[in-house]
Amino acid sequence: MNREHLFRNAIGDNNQRIFRICNYFFIDRDDRNDAYQETLIRIWENLHSFKGNSLLSTWIYRVAVNTCLSHIRSRNQRNNLIESTIDPEILLIPESAGNENDFIEENKMIFLQQFLLNLSMADRTLVSLYLENLSTKEMAEVTGMSETNLRVRIHRIKEKIKKEWEEKQNGTG
Amino acid sequence: MELDDFKPAGKADTIDVKNRKDVKVDPLQELIAEMKEKDKQENKVLLGIILVFGLFVVLYLSGMKLQKGAMQAGYAMLAGGFGLSLLFFLFKFLKQKKTDYTAPTLVFLREAERRYAYWTWQELVISGPLLVLMGWGGSIIVTSSFEKYYPGSILPGLIFIMVYIVATGVGYWAGKMQWDKSKRTIYKKIRRMKDDFSK
């Protein structure tokens, strides 16, 4: 199988994942799209080094996370939530935001974006991988952190998001 | 609301990335062009280093052939110093070029920290003896060249060494200023991220 074919297969199966990971890191559309493009470039460049020691998806997550962190450090990440740059499609908000369920969903996703923005890079990475349903072992493979450390950190993040959501609902946050 | 409640739960798979106008999903054409351009630029830098240092090596090797005694030793030291520096810069350049995006994030950040540091202690340990070798070779050449004006005096050699030390210091300082301007912020960000992942 040649490089181009391998690349097309790898991207074809993991395109959505890469896009979502970039979306967890960047709220700005241009930044996110740049990171997405850059991730594809890194995958193209490094595909020959994939030896099959881990799942291709885990390997791709690793490249995506490293590329996003790399992109963050080279650009001034906007810290504030800028309404105009939020991509409703990526926030998974239905276009016909008419009924109550859609409104709740929209609120939920905006809350998640705000929550992510206030997390440290390591925690943001962990949340993005957790939301992608990666096991602790896979998350450890991606980040290089110990599984014990990961469990503790995820637990803390879970506590934090629960508390902040409750505060938001009670109007105290 | 739990963290698990924010999982896309299959819904995200309905995002039609392929039909998004703002995302280039099939970047192969652009990608290859971009890669070629990047390689071309990097090769230019590499060629520049090889040319400058290689020129000095050739120059001092020729000097070595033409001279005798102490002068020959001086030229040999300079040629050796530049030759080894050339290897050092080539190694540094190739290492910098080869960023491993497939490594676990923590390893990736540690590597990035090393790459973006102004001079690591390992680099200082390597470059120190090279600078001494070149300075020593240079002072021998200067002392020998001025032998007929100042017979038996080491003064010209000492003056050269002082100028050499000042020039090296100024070079280091200027490089540091440039690093402060272009890389310090990135370096600090990398360190922060690495510390965050290591906690």
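Model, not experiment: these values are computed from the prediction.

Asker: Got a sec to walk through the overall build of chain A? Specific residues and values, please.
Answerer: Scanning chain A from terminus to terminus reveals seven helices and zero strands. Each helix and strand of chain A, placed in order from N terminus to C terminus, yields the pattern α-α-α-α-α-α-α. For chain A, the proportion of its 173 residues judged to be buried stands at 56%. For chain A, contacts bridging at least 24 residues in sequence account for 69% of all contacts bridging at least 6. When the accessible surface of chain A is totalled, it reaches about 8,100 Å², and 44% of it is carbon and sulfur.

Asker: Would you mind going over the pattern of salt bridges in detail, with residue names and values included?
Answerer: Counting across every chain of the model gives 18 salt bridges over all chains. A salt bridge links Glu-2 of chain B to Lys-162 of chain A, with the shortest nitrogen-to-oxygen separation between them at 3.6 Å. One end of the pair, Glu-2 of chain B, is in the segment before helix H1 (28-66); the other, Lys-162 of chain A, is in helix H7 (residues 147-170), on a second chain. In this structure Glu-2 of chain B comes out as partly exposed when scored by relative accessible area, which is 35%. Taken together, the salt bridges that share partners define one network made up of Asp-123 and Arg-153 of chain A together with Asp-196 and Lys-199 of chain B.

Asker: Tell me what's going on with the packing of helix H6 (residues 136-143) of chain A against H7 of chain A, and back it up with residues and numbers.
Answerer: Residues and elements named next belong to chain A. The contact between H6 and H7 brings their axes to 9 Å, and the two run at 110°. Considering the angle they form, H6 stands roughly perpendicular to H7. Each of Thr-136, Lys-137, Met-139, Ala-140 and Thr-143 in H6 lies in contact with H7, whose residues at this interface are Glu-147, Leu-150, Arg-151 and Ile-154. In terms of residue class, the contact of H6 with H7 is made up of four nonpolar, two polar and three charged.

Asker: Tell me about a nonpolar patch on the surface, and please be specific about residues and values.
Answerer: Where nonpolar side chains cluster on the molecular surface, the patch consists of Leu-47, Leu-51, Val-52, Phe-56 and Leu-59 of chain B and spans about 470 Å² of accessible area. Looking at where Leu-47 of chain B falls in the secondary structure, it is placed in helix H1.

Asker: How would you sum up the packing of aromatic side chains? Please name residues and give values.
Answerer: Residue and element names in this part refer to chain B. In the structure shown here, the tally under the stated rule is 23 aromatic pairs over all chains. The interplanar angle of 15° and the centroid separation of 4.6 Å between the aromatic rings of Phe-56 and Phe-82 together place this pair among those described as stacked. Of this pair, Phe-56 sits in helix H1 while Phe-82 is found in helix H2 (residues 69-97), placing the two residues 26 residues apart along the sequence. Judged by relative accessible area, which is 30%, Phe-56 ranks as partly exposed.

Asker: Requested: an account of unusual backbone geometry, with residues and values cited.
Answerer: A positive phi is found at Asn-133 of chain A, a non-glycine position, where the angle reads about 70°. Here Asn-133 of chain A is to be found in the loop between helix H5 (121-131) and H6.

Asker: Describe H5 of chain A, and please don't skip the residues or the numbers.
Answerer: Two residues of an α-helix separated by three or four positions point the same way, owing to the 3.6 residues in each turn. With eleven of eleven residues buried, H5 of chain A lies mostly within the body of the structure. Among the residues making up H5 of chain A, those that are buried are Met-121, Ala-122, Asp-123, Arg-124, Thr-125, Leu-126, Val-127, Ser-128, Leu-129, Tyr-130 and Leu-131 of chain A.

Asker: So, the environment of Arg-184 of chain B: which residues are in play, and what are the values?
Answerer: Structurally, the position occupied by Arg-184 of chain B is in helix H6 (residues 184-198). Note: C-alpha distance between Arg-184 of chain B and Tyr-116 of chain B (68 residues apart in sequence) is 8.1 Å.

Asker: Now, about the packing of helix H1 (residues 3-25) of chain A against helix H2 (residues 29-46) of chain A: what can you tell me, with residues and values included?
Answerer: Residues and elements named next belong to chain A. Contact geometry for H1 and H2: axes closest at 10 Å, N-to-C directions at 150°. The angle between H1 and H2 falls in the class roughly antiparallel. For the element pair H1 and H2, the recorded crossing hand is right-handed. Contacts between H1 and H2 involve Arg-3, Glu-4, Phe-7, Ile-11, Asn-15, Ile-18, Phe-19, Cys-22 and Asn-23 from the first element and Arg-32, Asn-33, Ala-35, Tyr-36, Thr-39, Leu-40, Ile-43, Trp-44 and Glu-45 from the second. Of the residues belonging to the contact of H1 with H2, the class tally is ten nonpolar, four polar and four charged.

Asker: Can you break down the confidence of the model for chain B residue by residue, with the values?
Answerer: Residues and elements named next belong to chain B. Per-residue pLDDT for chain B has a mean of 82; in total, 81% of the residues score no lower than 70. Confidence scores differ between elements of chain B, with H1 showing the lowest mean pLDDT of 74 and helix H5 (residues 155-182) the highest of 93. Across residues 11-15 the pLDDT falls below 50, and counting only partners more than four positions away or on other chains, this stretch makes twelve contacts in the model.

Calculation criteria
- For every chain, the first residue of the written sequence is number 1, and numbering continues from 1 onward in sequence order.
- Ligands are numbered from 1 and chains lettered from A, in the order in which they are written.
- This being a predicted model, a pLDDT of at least 70 is required before a residue's local features are given, and a value of 80 or more before pairs of side-chain atoms are given or counted; all residues contribute to the totals for chains, interfaces and linings.
- As a convention, hydrogens and water are excluded, and side-chain values are obtained from all of the structure's heavy atoms.
- What counts as a helix is a DSSP run of H or I of at least four residues, what counts as a strand is a run of E of at least two, and both are numbered from the N terminus.
- Burial status follows relative accessibility: with a 1.4 Å probe on protein chains alone, a residue under 20% of its type maximum counts as buried, one over 50% as exposed, and anything between as partly exposed.
- Here, residues are in contact when the closest pair of their heavy atoms is within 4.5 Å.
- Note on areas: Shrake-Rupley with a 1.4 Å probe; residue coverage comes only from the protein chains shown.
- Between Lys or Arg on one side and Asp or Glu on the other, a salt bridge is scored when a side-chain nitrogen of the former is within 4 Å of a carboxyl oxygen of the latter.
- Every angle, taken between N-to-C directions, lies between 0 and 180 degrees, and every axis is a line fitted to C-alpha atoms, over only the stretch in contact when it is a helix.
- We call two directions roughly parallel when the angle between them is under 35 degrees, roughly antiparallel when it is over 145, roughly perpendicular when it lies between 65 and 115, and oblique otherwise.
- Residues are grouped as follows: Ala, Val, Leu, Ile, Met, Phe, Trp, Tyr, Cys and Pro are nonpolar; Asp, Glu, Lys and Arg are charged; every other residue, Gly included, is polar.
- Each patch is built from residues that are more than 30% exposed by relative accessible area and take part in no salt bridge. Like charges join if they lie within 9 Å; nonpolar side chains (Val, Leu, Ile, Met, Phe, Trp, Tyr) join within 5 Å.
- Aromatic contacts are taken between Phe, Tyr and Trp rings whose centres are within 6.5 Å, Trp giving its six-membered ring; a plane angle under 30 degrees counts as stacked, one over 60 as edge-to-face, and the others as tilted.
- In a left-handed crossing the near helix is turned counterclockwise from the far helix by less than a right angle, and in a right-handed crossing that turn is clockwise.
- Scored between 0 and 100, pLDDT is the confidence that the predictor attaches to each residue.

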